[in-house]
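# Inside the fold
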Amino acid sequence: MTAPEDAIVLPISGDPPLVGALLLRVIALGDERGSTPALGAPCATLAALRALSPLETWRLSGMRRSGLSLVIDTRQLAENLRALRHGNEEAALAAYFVSHGASRGMLHQLFHLSHNAITRQRRRLGVRIGQGRPPLPDPATRDAIHRRWADLGRDENDLRRRLQQLHHQFAAYPLVVLSAVLHEFDTASANASPLRESACLT
């Protein structure tokens with residue numbers, strides 16, 4: 001396998017335990033796949049490596065130039081880092097919703113969390129959900145919530161981020177209550193959204 005054009009190649013040397021472990025891994029891969037050609041082109045050097053005793057392999061790992069290099073595929077690594085950041089952001093946002101009183105219906109719809117995953121998250125974060133229908137704010141506060149929700153919609157298309165920003169403005173109320181306010185004028189139906197008040201109480 002040839003290194004990608006934007007790859008970084010770093011020689012590995014000066015660390016006999018690491019070099020020895022890598023050499024043993026190369027040998028093991030060859031054994032698992034049946035022949036050294038499985039690792040690339042046929043190579044007498046790799047065949048000779050497989051023929052070494054453990055002591056000889058250890059002595060080989062202590063040589064000044066190991067012949068081994070670490071190839072860093074910078075493009076793939078960048079994609080992996082982006083995926084990691086996205087996963088961290090998703091986890092942090094889900095934890096915010098759990099911590100600030102989102103219902104199971106909201107968490108399932110917005111984050112696709114299972115019943116068991118929600119239970120584990122609540123337990124880990126020390127969240128306790130009260131029983132019964134949470135009271136709505138007074139009419140003036142409800143009107144303010146609707147106005148702010150409409151304002152946020154002009155700049156934020158992500159429903160989850162929009163709800164989070166709304167909660168920042170009305171932090172005295174759990175997310176389940178804010179969701180109930182937003183849907184207080186909705187017509188009940190068999191296909192009601194999990195964000196509707198009737199489904200946001202647990």
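Up top is the structure these notes are about.
Residues numbered from 1 in each chain as written. Predicted model: local features only at pLDDT ≥ 70, side-chain atom pairs only at ≥ 80, totals over all residues. Heavy atoms only, no water.

Before going further, it helps to examine a nonpolar patch on the surface. There is a patch of nonpolar side chains on the surface, built from Ile8, Leu10 and Leu70 and spanning about 250 Å² of accessible area. With respect to the helices and strands, Ile8 occurs in strand S1 (residues 7–12). Relative accessible area serves as the criterion here: at 41%, Ile8 is assigned to the partly exposed category. (Patch = residues over 30% accessible without salt bridge, like charges linked within 9 Å, V, L, I, M, F, W, Y side chains within 5 Å. Areas by Shrake-Rupley, 256 points an atom, 1.4 Å probe, with all protein chains shown as cover. Salt bridge = Lys/Arg side-chain N within 4 Å of Asp/Glu carboxyl O. Helix = DSSP H or I, 4+ residues; strand = E, 2+ residues; numbered from the N terminus. Buried < 20%, exposed > 50% of the residue type's maximum accessible area, 1.4 Å probe, protein only.)

Looking now at the nonpolar core. Membership of the largest hydrophobic core comes to 26 residues, with the highest contact counts inside it found for Phe97, Met106, Leu107, Phe111, Ile145, Leu163 and Leu166. A per-element tally of this core places helix H9 (residues 175–182) first, with six residues. Contact partners of Phe97, with chain neighbours within four places excluded, come to Ala102, Met106, Leu107, Leu110, Phe111, Arg160, Leu163, Gln164 and Leu175. In terms of nonpolar packing, the next biggest core, distinct from the first, is built from five residues, Ile12, Val19, Leu23 and Leu49 among them. (Core = buried A, V, L, I, M, F, W, Y, C linked by side-chain atoms within 4.5 Å. Contact = heavy atoms within 4.5 Å.)

What follows concerns the packing of aromatic side chains. According to the stated counting rule, one finds two aromatic pairs in the structure shown. Here the aromatic rings of Tyr96 and Phe97 are separated by 6.4 Å at their centres, their planes lie at 65°, and the arrangement is edge-to-face. The exposure class of Phe97 is buried, given its relative accessible area of 0%. Centre to centre, the rings of Phe97 and Phe111 are 5.3 Å apart; their planes meet at 70°, and the pair counts as edge-to-face. (Phe/Tyr/Trp six-rings, centres within 6.5 Å; stacked < 30°, edge-to-face > 60°.)

So, about helix H8 (residues 159–169). Taken together, the buried positions of H8 are occupied by Arg160, Arg162, Leu163, Gln164, Leu166 and His167. Along its buried surface, H8 packs onto helix H4 (74–99), helix H5 (104–111), helix H7 (139–152) and H9. Near the N-terminus of H8, the side chain that reaches the backbone nitrogen of Arg160, with its oxygen 2.8 Å away, is that of Asp158. (Polar contact = N/O pair within 3.5 Å; in protein donor to acceptor, adjacent residues only side chain to side chain.)

Oppositely charged side chains are able to pair whenever their charged atoms sit close together. Summed over the entire model, instances satisfying the criterion amount to four salt bridges. The residue Arg160 makes a salt bridge to Asp158 at a minimum N-O spacing of 3.6 Å. Connected through salt bridges with shared partners, the residues Glu90, Asp158 and Arg160 form a single ionic network.

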